[in-house]
Amino acid sequence: MPHFHIDYSPNLETRLDIAGLCVVVRDAAVQTGVFPLAGIRVRATPAAHVVMADGNPDHAFLDLSVRLREGRELEKRKAATSLIFAALEAYCADVMARSSFMLSMEMRNIDAELSPKASSIRDYL
């Protein structure tokens, strides 16, 4: 049940195909072999208000936050983080090369006892 949430500065929308990025993240998550397809959720949200570094409005950022149910071994999470971040870096390479851009990612566990779930998506796959 991994949640992949991309926060980004709105000025990236003219520099990067955000919908395409969501597909890249989903595909990388599947490629790890760690996350079941039926549980993957990728969403992207532009930040309404952004101030970065010296306040130059040309600065941009993209942050991928991955939340997943606890129970996966640290080594598998590390490998998954490396693979997904490499896919992000490759997808964003042109933006990084041509502009002021910060790229980050964090993967963390969700406490299963405090995170109830219900889903019918497997009925439709």
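Basis of the calculations
- Residues numbered from 1 in each chain as written.
- Predicted model: local features only at pLDDT ≥ 70, side-chain atom pairs only at ≥ 80, totals over all residues.
- Heavy atoms only, no water.
- Helix = DSSP H or I, 4+ residues; strand = E, 2+ residues; numbered from the N terminus.
- Buried < 20%, exposed > 50% of the residue type's maximum accessible area, 1.4 Å probe, protein only.
- Lys, Arg positive; Asp, Glu negative; His and termini not counted.
- Charge placed at Lys NZ, Arg CZ, Asp CG, Glu CD.
- Phe/Tyr/Trp six-rings, centres within 6.5 Å; stacked < 30°, edge-to-face > 60°.
- Axes fitted to C-alpha atoms, helices over the stretch in contact; angles between N-to-C directions.
- Parallel < 35°, antiparallel > 145°, perpendicular 65-115°, else oblique.
- Left-handed = near helix turned anticlockwise from the far one by under 90°.
- Contact = heavy atoms within 4.5 Å.
- Salt bridge = Lys/Arg side-chain N within 4 Å of Asp/Glu carboxyl O.
- Pairing = 2+ DSSP bridges.
- Patch = residues over 30% accessible without salt bridge, like charges linked within 9 Å, V, L, I, M, F, W, Y side chains within 5 Å.
- Areas by Shrake-Rupley, 256 points an atom, 1.4 Å probe, with all protein chains shown as cover.
- Right-handed = clockwise from strand over helix to strand, strands pointing away.

1. Describing the overall build of the protein chain
So, step 1. Helix and strand counts for the protein chain stand at two helices and four strands.
So, step 2. Mapped in sequence order, the helices and strands of the protein chain form the string β-α-β-β-α-β.
So, step 3. With respect to the principal axes defined by its C-alpha atoms, the protein chain has extents near 45 × 30 × 25 Å.
So, step 4. When the 125 residues of the protein chain are sorted by exposure, 35% land in the buried category.
So, step 5. Each charge sign in the protein chain was given a centre, from 14 positive and 16 negative side chains, and these centres are 6 Å apart.

2. Looking at the packing of aromatic side chains
So, step 1. The final tally for this structure, using the stated rule, is one aromatic pair.
So, step 2. Pairing Phe4 with Phe35 gives two aromatic rings, centres 5.6 Å apart and planes at 85 degrees, and the pair type is edge-to-face. Taken together, the residues Phe4 in strand 1 (residues 3–8) and Phe35 in the loop between helix 1 (18–32) and strand 2 (41–46) connect sequence positions 31 residues apart. This pair shows no difference in class: Phe4 is buried, exactly as Phe35 is.

3. As for the packing of helix 1 against helix 2 (residues 74–98)
Each pair of packed helices gets described by two things: the angle between the helix axes and the distance between those axes.
So, step 1. At a closest axis distance of 9 Å, the pairing of helix 1 and helix 2 adopts a crossing angle of 150 degrees. As judged from the angle between their axes, helix 1 and helix 2 are roughly antiparallel. Crossing of helix 1 against helix 2: the hand is right-handed. Residues Gly20, Leu21, Val24, Val25, Ala28, Ala29, Gln31 and Thr32 of helix 1 pack against Ala80, Leu83, Ile84, Ala87, Leu88 and Tyr91 of helix 2.

4. Topic: the pattern of salt bridges
So, step 1. Applying the stated criterion across every chain, the model contains three salt bridges.
So, step 2. Note that Arg26 and Asp27 form a salt bridge whose closest N and O atoms lie 2.7 Å from each other.
So, step 3. On the accessibility criterion, Arg26 (33% relative accessible area) is partly exposed.
So, step 4. The partner of Glu75 in a salt bridge is Lys78, with the nearest N and O atoms 3.7 Å apart.

5. A closer look at the sheet that holds strand 3 (residues 60–69)
So, step 1. Pairing in this open sheet of four strands is mixed, and the strands run 2-1-3-4 from one edge to the other. Each edge of the open sheet is held by one strand with a lone partner, namely strand 2 and strand 4 (101–110). Ignoring strand direction, the axes of neighbouring strands in this sheet form an average angle of 15 degrees.
So, step 2. As judged from the six bridges shared by strand 1 and strand 3, these two strands associate in the antiparallel manner. For Tyr8, the partnering residue across the bridge sits in strand 3 and is Leu62.

6. Notes on a positive patch on the surface
So, step 1. A contiguous patch of positive charge, built from Arg41, Arg43, Lys117 and Arg122, is present on the exposed surface.
So, step 2. Note that Arg122 resides in the segment after strand 4.

7. Quick look at the pairing of strand 3
So, step 1. Counting buried positions over the 10 residues of strand 3 gives seven, a clear majority of the element.
So, step 2. Sheet analysis places strand 3 next to strand 4, joined by 10 bridges and oriented parallel. Opposite Arg67, over in strand 4, you have Arg108 as the bridge partner.
So, step 3. Regarding the hand of the β-α-β motif, the stretch spanning strand 3, helix 2 and strand 4 is right-handed.

So yeah, pure geometry; function would need other evidence.
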